[in-house]
Amino acid sequence: MKTSSIRFFTFILVFFLFSCSDPERLKKSAQKFLDAYTKKYTELAYKAQETDWKSNTMIIEGDTNNSTQNRIAKEALANFTGSTENINQSRRFLRGKDSLTELQVKQFERILYAAANQPQIAPELVKERIKVETEETEKLYGFTFKIGDSAVTPNKIDKILHSENDTAKRLAAWISCKEVGKVMKPGLMKLRDLRNQTVQKLGYADYFSYQASDYGMTTEELIGLMRQINKELYPLFRELHTYARYYLAEKYKSKKVPDLLPAHWLPNRWGQDWSAFADVKGFDLDTILQKKDDIWMVKQGESFYKSLGYDALPKTFWDKSSLYAFPENLGFKKNTHASAWHVDLDKDVRSLMSVIPNADWYETIHHELGHIYYFMSYSNPEVPVLLREGANRAYHEAMGSMIGFAAMQSPFLVAINLLPSDTKIDTLGTLLKEALNYVIFIPWSSGVMTEFEYELYAKNLPSDQFNKKWWELVAKYQGIAPPSFRGEEYCDAATKTHIIDDPAQYYDYGISFLLLFQFHDYIAKNILKQDPHFTNYYGNKETGEYLRSIMKPGLTADWRKMMKEKTGSELNAKPMLDYFAPLVPFLKNINKGRKCTLPEESQIIN
């Protein structure tokens, strides 16, 4: 740390020692520290985000300049946020937290949480971790996927798995998308150890417990909640699994209905969304959207939020975002996983996407813009920079997911002329399609991904069991099997971007779906006065105000209290189960006489 910074923090320490008995002086001293910390943090975080953005949007094979600049910027940020001075000072101020404001206490707690991720009491360890994380991210997104001798994009693989009926071609695409795991395994082994070791320096048992603590929960409490969610949804999932086995066996003309679903039969690389194989009569959004262009797609997403009373996206969003797929001959690549960025923790908001006109991207756009509008909502003077986050991480996901969900409901689509007003839609077919998205996602997110990273970090899973454990969990939670044996030369978990660059928090998405249905249920019944299955948010300013009241406080709000205040109940799966309740007798009737290969009672909680 620079000499001037040391002098400042020495002054603060002396001031602190003389002001402990004076609450007002302590409060002022604390604020001086927070103001100085925030100014430096904002400056360093912006540089780190900018270089990270470039690393994600301009990946040139063999060129390490972007990754080097990103690593340098991240190291500078880590040196500051994890500095011993900042850790010690924050701890001292928190000893007198009864004299501080609630916002000051929350900011000091955030400082310590950030410090634990990169403590400078172990600078070489943090430096190595940043280096490996940067290298592995570029390796993942710079990987060239091939089918045979031909290079293919992730969008191309997704298209094959979405709509190809030739199982040989599907298998080739599925195998192609898993090859990157071989390359990523050595890096994942290093990252597991480095992540655990960094947070252990500040007293966390492992990286999984560190991430769980952000919810105010222990590892055991979080894992218990995830298993309970899966147990509650299991009867419905079991019926969907049986339906899918018979449906896909017929679709692909298989002589035998398999006990577990072959992974390459499913319309998603990880089997996390099965909705593409459910056709709804009168509802073919893909065909409609293919007549639009990619710019229209994003503008339509913006118009949804504007209709609720939100501002237009700033000009800088359009100038600085990377929204559309790159031409294949451009000479460089980008991260193809959709994401939203709050680059300066204020007005510089961006999104990274590869939009093409189809239903998947239509929903994704609404989701990512939910993040953007959340950023914009809590970037206000009442929310300190250090607390410009969602009420918890899942809240951020829930806001976008809920708008994506609402944007797919037929009354809304009719209102914006994407469906004719006289469209007759198969109601149960629509519900089935939704269940094959939202219900199917829970065992994946709150089951497979969560349990694998729990084993990886908390249980220190041996590297010669990575793939074995992965496919055990996939079979247990998703009822899916690989097309053929997958040995330990593969690392199929590492093909999912979050394992590499957004670790040990994938349960955020599962929790967000519970939040989605709770918030949606409240809006439908109490604001719109509509059936939750047939809503139209568009143009309803009261709905917009309700959502802004959730978004605007950011992390200054207690997520549990907000849940109770805004929905009348604590986090639970009931609204989701109620929503899909009409589907249960429908599925049981279809599955009558069929063999259910998953056990009758959930094996999730042993």
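It should be noted that the structure appears before, not after, this text.
Residues numbered from 1 in each chain as written. Predicted model: local features only at pLDDT ≥ 70, side-chain atom pairs only at ≥ 80, totals over all residues. Heavy atoms only, no water.

**Here's the deal with the overall build of the protein chain**
- Of the regular secondary structure elements, the protein chain holds 25 helices and seven strands.
- The principal-axis extent of the C-alpha atoms belonging to the protein chain is close to 80 × 55 × 50 Å.
- For the protein chain, the proportion of its 606 residues judged to be buried stands at 56%.
- Just so you have it, the protein chain exposes about 25400 Å², and 51% of that area is on carbon and sulfur atoms. (Helix = DSSP H or I, 4+ residues; strand = E, 2+ residues; numbered from the N terminus. Buried < 20%, exposed > 50% of the residue type's maximum accessible area, 1.4 Å probe, protein only. Areas by Shrake-Rupley, 256 points an atom, 1.4 Å probe, with all protein chains shown as cover.)

**Looking at the nonpolar core**
- Counting 179 residues, the largest nonpolar core has Leu240, Trp274, Tyr362, Tyr395 and Phe580 as the members making the most contacts within it.
- Looking at this core, the element that brings in the most residues is helix H18 (residues 427–458), giving 16 residues.
- The residues contacting tryptophan 274, other than those within four sequence positions of it, are Phe237, Leu240, His241, Ala244, Leu261, Leu266, Pro267, Leu436, Ile440, Gln478 and Ile480. (Core = buried A, V, L, I, M, F, W, Y, C linked by side-chain atoms within 4.5 Å. Contact = heavy atoms within 4.5 Å.)

**Let's talk about the sheet that holds strand E5 (residues 339–342)**
- If you walk across this open sheet you meet the three strands as E4-E6-E5, and the pairing is mixed. Looking at the sheet topology across the chains shown, the edges are occupied by strand E4 (322–324) and E5. Here the strands of the sheet are splayed against their neighbours by 20 degrees on average, with no regard to which way each runs.
- In this structure, E4 lies alongside strand E6 (residues 349–355), joined through two bridges in parallel fashion. (Pairing = 2+ DSSP bridges. Axes fitted to C-alpha atoms, helices over the stretch in contact; angles between N-to-C directions.)

**Overview of unusual backbone geometry**
- Positioned with a positive phi, lysine 253 is a non-glycine residue whose angle comes to about 55 degrees.
- Positionally, lysine 253 belongs in the loop between helix H11 (219–251) and strand E3 (261–262).
- Even without being a glycine, asparagine 460 presents a positive backbone phi close to 55 degrees.
- Looking at the element boundaries, asparagine 460 is found in the loop between H18 and helix H19 (466–478).

**Here we look at the pattern of salt bridges**
- Within the structure shown, the criterion is met by 32 salt bridges.
- Salt bridges linked by common partners bring Arg110, Asp214, Glu389, Arg393 and Asp508 together as one network. (Salt bridge = Lys/Arg side-chain N within 4 Å of Asp/Glu carboxyl O.)

**Focus on helix H7 (residues 154–163)**
- Among the residues of H7, Pro154, Ile157, Ile160 and Leu161 are the ones counted as buried. Here the buried residues of H7 occupy an arc of 125 degrees about the axis, which is enough to place them on one side.
- On its buried side, H7 packs onto strand E1 (145–147), strand E2 (150–152) and helix H8 (167–178). (Arc of directions from axis to C-beta.)

**Brief notes about the packing of H18 against helix H25 (residues 583–590)**
- Packing of H18 against H25 leaves a shortest axis separation of 10 Å and a crossing angle of 90 degrees. On the basis of their axis angle, the class for H18 and H25 is roughly perpendicular. Contact with H18, carried on its side by Leu428, Leu431, Leu432 and Ala435, involves Leu583, Phe586 and Leu587 of H25 and no other residues of that element.
- Residue classes in the contact of H18 with H25 are distributed as seven nonpolar, no polar and no charged. (Parallel < 35°, antiparallel > 145°, perpendicular 65-115°, else oblique. Nonpolar A, V, L, I, M, F, W, Y, C, P; charged D, E, K, R; others polar.)

**So, empty space enclosed by the protein**
- Enumeration according to the criterion identifies three cavities of 30 Å³ or more in this entry.
- Lining the largest cavity are 15 residues, with Lys178, Arg269, Trp270, Gly271 and Trp471 positioned closest to its centre.
- If you tally residues by element for the lining of the largest cavity, the top one is H19, at four residues. (1 Å grid on protein atoms, 1.4 Å probe; cavity = no way out; pocket = protein on both sides within 12 Å on 5 of 7 lines; lining within 4 Å. Points joined across faces, edges and corners; volume = space filled by probe spheres on them.)

**Structural notes on the pairing of E5**
- Pairing between E5 and E6: four bridges, direction antiparallel. Bridge pairing in E6 links alanine 340 to serine 351.

**Digging into the packing of aromatic side chains**
- For the structure shown, the criterion picks out 51 aromatic pairs.
- Note on phenylalanine 304 and tyrosine 305: the rings are 6.2 Å apart at their centroids and 50 degrees apart in plane angle, and the pair reads as tilted. Take phenylalanine 304 and tyrosine 305: they sit in the same class, and that class is buried.
- Their ring planes at 85 degrees and their centres at 5.4 Å tell us that phenylalanine 452 and tryptophan 470 sit as a pair that is edge-to-face. Taken as a pair, phenylalanine 452 in helix H18 and tryptophan 470 in helix H19 lie far apart in primary sequence, 18 residues in all. As far as the burial class goes, phenylalanine 452 and tryptophan 470 line up, both buried.
- Positioned above the aromatic ring of tryptophan 318, the side-chain terminus of lysine 299 is 4.1 Å from the ring centre.
- The residue whose ring lies beneath lysine 334 is phenylalanine 326, and the NZ or CZ to ring-centre distance is 4.7 Å. (Phe/Tyr/Trp six-rings, centres within 6.5 Å; stacked < 30°, edge-to-face > 60°. Lys NZ or Arg CZ within 6 Å of the ring centre and 35° of its normal.)

**Observations concerning the environment of glutamate 85**
- Tracing the backbone through its elements, the reader meets glutamate 85 in helix H4 (residues 84–95).
- Spatially, the C-alpha atoms of glutamate 85 and serine 445 are 38 Å apart, while their sequence positions differ by 360 residues.

**Considering the pairing of E6**
- Counting buried positions over the seven residues of E6 gives seven, a clear majority of the element.
- The alternating pattern of E6 places Val349, Ser351, Met353 and Val355 on one face and Arg350, Leu352 and Ser354 on the opposite face, and all of these are buried.
- As consecutive antiparallel partners, E5 and E6 are separated by six residues, and within that stretch leucine 345 has a phi angle of approximately 60 degrees, a positive value.

**Points about the packing of H11 against H25**
- Axis separation between H11 and H25 bottoms out at 10 Å; the angle between their running directions is 40 degrees. The angle between the axes of H11 and H25 places the two elements in the oblique class. Considering how the two elements wind past one another, H11 and H25 form a crossing that is left-handed. Here Leu236, Glu239, Leu240 and Tyr243 of H11 come into contact with H25, specifically with Leu583, Val584, Leu587, Lys588 and Ile590.
- Class assignment of the residues belonging to the contact of H11 with H25 gives a composition of seven nonpolar, no polar and two charged. (Left-handed = near helix turned anticlockwise from the far one by under 90°.)

**Some remarks on the environment of threonine 423**
- Inspection of the secondary structure assignment puts threonine 423 in the loop between helix H17 (410–415) and H18.
- Sequence separation between threonine 423 and serine 410 is 13 residues, and the spatial gap between their C-alpha atoms is 8.9 Å.
- A polar contact is formed between the side chain of threonine 423 and the backbone oxygen of proline 420, at a distance of 2.6 Å. (Polar contact = N/O pair within 3.5 Å; in protein donor to acceptor, adjacent residues only side chain to side chain.)

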